[in-house]
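Residue-level structure breakdown
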2 protein chains.
Amino acid sequence: MKHAPLVQELIDAFTCLPGVGPRSAQRMAYWLLERNREGGNRLSEALSAAMEGVKHCEQCRNFAEETLCPVCLDTRRDQALVCIVESPADVLAIEMSGEFRGRYFVLMGHLSPIDGIGPRDIGLDALEQQVKNGSVQEIILATSTTVEGEATAHYIFDMTHGTSVSVSRIAQGVPMGGELEFVDGVTLAHALRGRQKVPHSS
Amino acid sequence: MKHAPLVQELIDAFTCLPGVGPRSAQRMAYWLLERNREGGNRLSEALSAAMEGVKHCEQCRNFAEETLCPVCLDTRRDQALVCIVESPADVLAIEMSGEFRGRYFVLMGHLSPIDGIGPRDIGLDALEQQVKNGSVQEIILATSTTVEGEATAHYIFDMTHGTSVSVSRIAQGVPMGGELEFVDGVTLAHALRGRQKVPHSS
C-alpha cells in the first residue's frame with residue numbers, strides 16, 4: 001500500500017522547501033490533512049498569490065509588488081546613498097537597526113563562478129548603469145564577510161574605479177556583547193586592524 | 001520597512017505548518033520567491049487539490065479519495081480482521097512490515113479527556129457498530145504504548161465485552177537489534193512478562 005495519489009503529490013511538493021526531507025514533508029501533509037485544512041487552503045492561496053504577484057523592484061531588485069519598492073519611492077530617504085546587500089533578509093536586518101536612511105541594492109546572491117553565477121546574474125550591469133548615470137554618490141558594501149561576499153564586494157569596488165562615487169565597507173570586528181575569549185582569530189585580527197582612535201574628551 | 005504584503009502573508013501562512021516558526025517561514029518564503037517559483041506553484045496546486053480531494057474512508061477512516069480506501073476494497077485481504085491504529089502513518093509502517101493481511105481502523109488520534117477528545121471524536125461509535133453487526137471477528141490493538149494509547153486500547157477492549165470478537169494487543173518487548181543494556185526498565189519488564197515458551201525441536 002502507498003499513500004493516496006493526492007497525498008503523495010502533496011508530500012513530494014513539500015520536499016521542494018529548504019530543510020524539508022521526505023519525513024518532515026509527510027508530517028506536514030498529514031498535519032494539515034488531519035488538523036488544519038483551513039491553514040492548508042490559506043497557504044495554497046498565499047503561495048499562488050505571492051508566486052504570481054511578487055516581482056522585483058526595477059531600481060533595487062528587492063521584492064516588490066509594484067515597479068518600485070516602498071524604499072525606492074520614499075523621497076525622505078537619500079536615494080544617492082546605496083547600501084549593497086546579498087538578500088532581502090539583509091535589508092530587513094539593516095532596517096531593524098534603524099541606522100540607515102539611504103536606499104538598497106539587493107544582489108539576490110553573490111558572485112560564485114563555481115556555480116556559474118557571474119556579475120550579470122546578480123544585477124551588477126544594472127548597478128553599473130546607476131553608477132554611471134550619476135544617480136549614485138555613495139556606496140556602502142554590506143555583503144557577507146564570507147569568501148564569496150568579500151569577492152563580490154571587491155568586484156563592485158573595482159567597478160566604481162574612475163568614478164566619483166565614494167565606497168565604504170561595513171566594519172568588521174567584535175560583535176556587541178561578544179566576549180573576546182570566544183571571538184575567533186580572524187575576526188579579532190580584523191577588529192585590531194580596523195581599530196579607531198578614541199578622542200580625548202575636552 | 002516591513003515585508004511586501006504578499007510576502008508577509010506567505011510567511012504567516014507558512015507558520016501554520018508543524019515545527020515552522022517565523023524564521024523558518026521567512027526562509028521558506030524567500031527561498032521559493034528567489035529560486036523556485038515553479039516549486040511554489042506546484043505546492044500551491046498540490047495543497048488545494050489535497051485539501052479539497054482527500055476525504056476519509058467510510059469504513060476505516062484512513063485518508064482516501066473515494067468512499068472506501070484501497071485496503072477496504074481489497075477482497076484478497078481479510079476484511080474481518082481489523083488492526084486498530086492511531087494514524088495513517090502507522091498504517092504505512094505496518095504495511096511496510098508486510099506481516100498483515102487484514103484491514104485497518106484508523107482512530108486519527110487517541111482518547112485524551114484533558115484535550116476534550118472522547119470516543120466519538122476518534123470514531124469509536126462507528127467501530128462499535130462494525131463490531132455489533134458482525135463484520136469484525138478479530139481485533140488487533142496497535143495503538144501506541146503511551147499512556148493515552150494504552151487507555152484507548154483498554155477502552156476498545158471493554159467495548160468488545162459480551163461479543164464474540166477476539167481481541168489481542170501487539171507484543172511489547174525489546175526491539176529487534178536492541179542491546180539489553182540500553183533498553184529501559186519498563187520495556188524490559190513488559191518483555192519478561194510477555195515471554196514466550198520456546199518449543200524443543202524434535
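In the block above lies the structure referred to throughout.
Small disclaimer: the values here were computed from a predicted structure and weren't measured.

A few words on the nonpolar core. Ranked by internal contacts, the top residues of the largest apolar core, which has 78 residues, are Phe14 of chain A together with Phe14 of chain B. Aside from chain neighbours lying at most four places away, what touches Phe14 of chain B is Leu17, Leu43 and Leu47 of chain A together with Val20, Ala25, Met28, Ala29, Leu32 and Leu43 of chain B.

Moving on, we get to the sheet that holds strand S3 (residues 78-85) of chain A. Residues and elements named next belong to chain A. The strand order S4-S3-S5-S6 describes an open sheet built from 4 strands, whose pairing is parallel. At either end of the open sheet lies a strand with only one pairing partner, and these are strand S4 (102-106) and strand S6 (166-169). Strand-to-strand, the axes of this sheet are offset by a mean angle of 25°, without reference to chain direction. Against the sheet, helix H6 (residues 124-132) engages S3, S4 and strand S5 (138-141), with an angle of about 145° to S4. Helix-sheet contacts for helix H7 (residues 147-159) involve S3, S5 and S6, and the interaxial angle to S6 is about 170°.

Contact with chain A, which involves 52 residues of that partner, is made by 52 residues of chain B. Both faces combined, the contact of chain A with chain B buries some 5000 Å², and carbon together with sulfur accounts for 73% of it. The tally of links from chain A across to chain B stands at 2 salt bridges. Two residues, Glu9 of chain A and Arg42 of chain B, come together in a salt bridge whose shortest N-O distance is 3.1 Å. Applying the counting criterion to the chain A and chain B interface returns 9 residue pairs in polar contact (both at pLDDT 80 or more).

Moving on, we get to the sheet that holds strand S3 (residues 78-85) of chain B. Residues and elements named next belong to chain B. One open sheet accounts for 4 strands, arranged S4-S3-S5-S6; its pairing is parallel. Here the strands that pair on one side only, and so sit at the sheet edges, are strand S4 (102-106) and strand S6 (166-169). If you compare each strand with its neighbour and ignore which way they point, the axes differ by 25° on average. Bridge analysis of S3 against strand S5 (residues 138-141) gives 4 bridges, and the strand direction is parallel. Note on S5: the bridge partner recorded for Cys83 is Ile140. Sheet strands touched by helix H6 (residues 124-132): S3, S4 and S5. Its angle to S4, the strand with the most contacts, is close to 145°. The strands that helix H7 (residues 147-159) touches are S3, S5 and S6; relative to S6, the one it contacts most, it runs at about 170°.

Criteria and cut-off values
Residues numbered from 1 in each chain as written. Chains lettered and ligands numbered in written order. Predicted model: local features only at pLDDT ≥ 70, side-chain atom pairs only at ≥ 80, totals over all residues. Heavy atoms only, no water. Core = buried A, V, L, I, M, F, W, Y, C linked by side-chain atoms within 4.5 Å. Buried < 20%, exposed > 50% of the residue type's maximum accessible area, 1.4 Å probe, protein only. Contact = heavy atoms within 4.5 Å. Pairing = 2+ DSSP bridges. Helix = DSSP H or I, 4+ residues; strand = E, 2+ residues; numbered from the N terminus. Axes fitted to C-alpha atoms, helices over the stretch in contact; angles between N-to-C directions. Buried area = accessible area lost by both parts, 1.4 Å probe. Salt bridge = Lys/Arg side-chain N within 4 Å of Asp/Glu carboxyl O. Polar contact = N/O pair within 3.5 Å; in protein donor to acceptor, adjacent residues only side chain to side chain.

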